[in-house]
Amino acid sequence: MISYRSGSTFISSRVAIGALALAMTATLHVATSLADTAPTAAPGENVEGGSLEEVIVTGSRQKDIKATDSPAPIQVVSAEALKTSGASNLMGALAQLVPSLQMQAFGADQAGQTLLAKLRGLSPNDVLVLINGKRRHTTANLQVDTGSPFQGGAGVDLNFIPLDAIDHIEVLTDGAAAQYGTDAIAGVINIILKRNSSGGSLTSTYGQYGNDGGGRTEDVSGNAGFEAGTGGFFNITGDFTDHGHSNVGEIDPRLTPANLAAAGYPNSNAANAPGYPNLNRISGDAAIQQKILAVNSGFDFEGGTELYFFGTYGHKDAASYENYRVPNKVSYTDPTTGVTTYPFPYGFNPQEASDEDDYQLNLGVKGSVASWSWDLATGFGGDKVALSTLDSANAGTYALNGVPTPSNYYDGYLQDTQWTTTLDIDKDFDVGLAGPLNVAFGGEYRRETYTIGAGVPLSYEDGGAQSYPGFTPLDAGSHDRKNYAGYVDLAAKPIDGLRVDVAGRYEHYSDFGDAKVGKLTARYDFTPEFALRGTVSNGFRAPTLAEEYYSSTNVGPSTAYIQLPPNSSAAAPLGLGNGLQPEKSVNFSTGLVWRPLPHMNATLDLYQITITNRIVGSGNVAGAINGVPQPGEAAINDAIALYSHGSDVIDPDVLKTGSYGINIFANGIDTRTRGADLTFDFPYDYSFGKIDWMVSGTYNETSITKYATTPPELAPNVLYDQTAYSELTTASPRFVLNLGGLLTAGKFDFNLVEKIYGKSSDYANDDGDGPTGTFQYFKDEIGVTAITNVDVGYWYTDHLKLSVGAINAFNRFPNKINGTILSREQNYPGGDNAAVGQYPIFSPFGINGGFYYAKVLYKF
């Protein structure tokens, strides 16, 4: 058993938090020595927030609250900061600017086509995303890859929101389930769209990775604002992105001349294939072409009533390379002549492809009656992902009759929708306190659906298309649920310097019953320069419909694992017949706000989040490894038989000599996450220009407080292996520290950020390639790594700006996968292919090295 909590870990926790505080203190010391000559212009302005003096709408329902006065920790990210981050999409930009937000830098298979983000080391499903304060729908593309800390994620795909449409973003790094929804356990990301009624911009970016020139990226976007009646506005944004494949994989060990000859492949023809020996391109980015349209509008009427409408539509075509199939993977032996035919003498490189439509429309009207403010709104959004397997073949069908099978297969589709209607009402009352009492209450109705559509029969029959079998009619189905919610939120200033906010929420799920959550937040300003704040809250997250009902077959050249739906009869033979249950959480936080100078701001917040009955994806629970039966094989075979109704969903060759089993989402693990978030900003005017100094950081540690019990039906096999536990506890960096400054001097600006990632690690198995013939686990570790990001811009005219820059300027790569695993994969007699992936997929800064770009901006 691995120990996830030790004395040395506790010491390192204190050291890391101390290091964050030390970095802030050292900078404060230097800054204070300059205070006598520092100007008072642009107080609170910083590279992350544009201005911490900006009025925010997240974290409190009181009006006219500034970020620096918020009782809850809020990070404000400006449009300018997003653009100078160098990223061409929203998720990449936020990951560069908000240390507590971690982006999935790489994903295998379909996961690489829908990357996700998470806050404070928790699941992407524990983050609530709002657009203009309204709930955003989630993706239909569930993350099922084992070995990834994002496994089980079905959150919001932020990359369907164009950067040029955004005015600023408010990131609430605190539990807010009682205020906004029971799933806001880790925090809230509120994206505020532009409201300008005139002017606009055009931006064009070109970039690529420096390692092999892969990942070529072209992005063109534009934004324009127009007047709409008296005082109204209509703002529109369009964005087009084209991102090419990258490849950082090692040579596939099956494709060396010696291994080809030893395995008896026909004439070693793969060595004659174009591009040899770099034939296996699975280790790299998906190719993505994406088009997005966003609108935001408001129309004023007499009496102060406003009608508003906003929405987005995006279309994405993507394709990911899968593992190369060697020449004899598809063959037919004539029963009369005994002659074997190989239709692919060079082998082939299949791809998983998706055709995705993502949309959301929100319509609302707001105003005031007798000093009561009201806002009635409805929004409908959804995501549909049609899946295909390209450049492939159905090996099982061809082996039966020798009739050529198609190259391309329609695999079916995934779709989710969300319809949300809300009513929010509030009013300020003068009750003799130091400030008004704000009384807010409201309700919400939400209906969610999740659908799986089947593929064509040849996509799944006889083992299905190589690399990605389609969804079967047994996978297909449509599921829905309804949610009703009501809340009350009271915010007051009882005495000078003290702010208190109390909120309670009741929700009823049609499939899980009732949930009651609450939150108490307080802040006391001892002086204008120093304040303390704290929060206690609880949360409740129902399983996503995707976690409950998703099922598919995940394959490699010699492996097949069935992703079983936990809310089905197929889970019963495994001792998991009760289906998924909700998670529950408790959040404590305390923090300080320090403003030693009028234009300097610093915050430090400590927190603890406990989650019970956590929903976690299992490891690979094997029924057989390299053809050898494993403990629990009978239960696994029974579950697969119930799932498939006796049909052939696994490649017959894999059943004979390969590895197969199941994956499933289940409850049973309790976790405790402790951490700290630091922000510091200090703009200072020098004789040569202005520099916005910035320090921000996060420290995060998750420990297991209750381990899951493996059902006796699987014993002595385990439901959660070392990989599954390490994904929760160590696969995310222990700390992230941003040190940077933005220099503005006349027409010239220079943004430099040093982003330091703490150590992260994961346990991976050797696929049974070692001497024991069973899974043996080895630790993959990425050491502390400093990544340098730089952006240099020059305004050639008042309207035209040219910029060049780099993300990961010095082309840093993560440590490679554990040497023992790589060696076993490269030398396994059966010709395994996993040694192609030389870098851990949990790397927080990706596996592609540096990205270098040039950008042209025209404003009008």
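Residues numbered from 1 in each chain as written. Predicted model: local features only at pLDDT ≥ 70, side-chain atom pairs only at ≥ 80, totals over all residues. Heavy atoms only, no water.

A. Seen up close, unusual backbone geometry. Of the consecutive residues Tyr276 and Pro277, the connecting peptide bond is found in the cis state with omega at 10°. Following Ala715, the chain continues into Pro716 via a peptide bond in cis, with omega recorded as 0°. Turning to its location among the elements, Pro716 is positioned in the loop between β32 (690-706) and α11 (722-729). At Ser371, a position not held by glycine, the phi torsion is positive, near 70°. Note on placement: Ser371 falls in the loop between β17 (351-369) and β18 (372-390). (Helix = DSSP H or I, 4+ residues; strand = E, 2+ residues; numbered from the N terminus.)

B. How the structure looks around the packing of aromatic side chains. All told, the structure shown has 24 aromatic pairs when counted by the stated rule. Pairing Tyr209 with Phe851 gives two aromatic rings, centres 5.7 Å apart and planes at 70°, and the pair type is edge-to-face. Within this pair, whereas Tyr209 is found in strand β10 (residues 200-209), its partner Phe851 is found in strand β39 (residues 851-859), the two being separated by 642 residues in sequence. Judged by its relative accessible area of 12%, Tyr209 is buried. (Phe/Tyr/Trp six-rings, centres within 6.5 Å; stacked < 30°, edge-to-face > 60°. Buried < 20%, exposed > 50% of the residue type's maximum accessible area, 1.4 Å probe, protein only.)

C. Representation of the pattern of salt bridges within the structure. For the structure shown, the criterion picks out 32 salt bridges. Note that Asp424 and Lys134 form a salt bridge whose closest N and O atoms lie 3.9 Å from each other. Of the two residues, Asp424 is situated in strand β19 (residues 409-429) and Lys134 in strand β7 (residues 134-135); the sequence distance between them amounts to 290 residues. For Asp424, a relative accessible area of 19% corresponds to the buried category. You can call Lys134 buried: its relative accessible area is 10%. (Salt bridge = Lys/Arg side-chain N within 4 Å of Asp/Glu carboxyl O.)

D. Highlighting the sheet that holds β7. Strand order in this open sheet of five strands is β3-β8-β9-β6-β7, and the pairing throughout is mixed. Two strands in the sheet have a free side with no partner beyond their single neighbour: β3 (74-78) and β7. Direction of pairing for strand β6 (residues 127-131) relative to strand β9 (residues 187-193): parallel, over a ladder of five bridges. Directly across from Leu128, in β9, lies its bridge partner Val188. (Pairing = 2+ DSSP bridges.)

E. Expanded view of a nonpolar patch on the surface. A grouping of Phe441, Val488, Leu490, Val502, Leu520, Val536, Val586 and Phe588 is seen on the molecular surface, where their side chains present a nonpolar patch of about 600 Å² in accessible area. For the nonpolar patch, the secondary structure elements donating two or more residues are β21 (477-492) and β27 (583-594). Its place among the elements puts Val502 in strand β22 (residues 498-509). Given the relative accessible area of 40%, Val502 is considered partly exposed. (Patch = residues over 30% accessible without salt bridge, like charges linked within 9 Å, V, L, I, M, F, W, Y side chains within 5 Å. Areas by Shrake-Rupley, 256 points an atom, 1.4 Å probe, with all protein chains shown as cover.)

F. Quick look at the side chain of Glu322. Looking at the secondary structure, you find Glu322 in the loop between β14 (306-321) and β15 (332-333). One buried charged residue, Glu322, remains without a salt bridge, the closest side chain of opposite sign being Arg325 at 6.3 Å. Once residues within four sequence positions are removed from consideration, Glu322 is found in contact with Asp109, Asn280, Ile282, Asn349, Pro350, Gln351, Glu352 and Ser467. (Lys, Arg positive; Asp, Glu negative; His and termini not counted. Contact = heavy atoms within 4.5 Å.)

G. Highlighting the nonpolar core. Core analysis: the biggest nonpolar cluster contains 44 residues, and Leu82, Leu90, Leu94, Leu158, Ile169, Ile189 and Ile191 have the highest contact counts within it. With six residues, the top contributor of residues to this core is helix α3 (residues 90-97). Leave out the neighbours within four places in its chain, and Ile169 touches Gln75, Val76, Val77, Leu82, Leu90, Leu94, Ile189, Asn190 and Ile191. Counting 31 residues, the second-largest nonpolar core is a separate cluster that includes Ala560, Leu574, Leu576 and Ala624. (Core = buried A, V, L, I, M, F, W, Y, C linked by side-chain atoms within 4.5 Å.)

H. Highlighting the confidence of the model for the protein. On average, residues of the protein score 87 in pLDDT, and 91% of them are at 70 or above. This stretch, residues 1-50, has a pLDDT under 50; its non-local contacts, to residues over four places away or in other chains, come to 99 contacts. (pLDDT = per-residue confidence, 0-100.)

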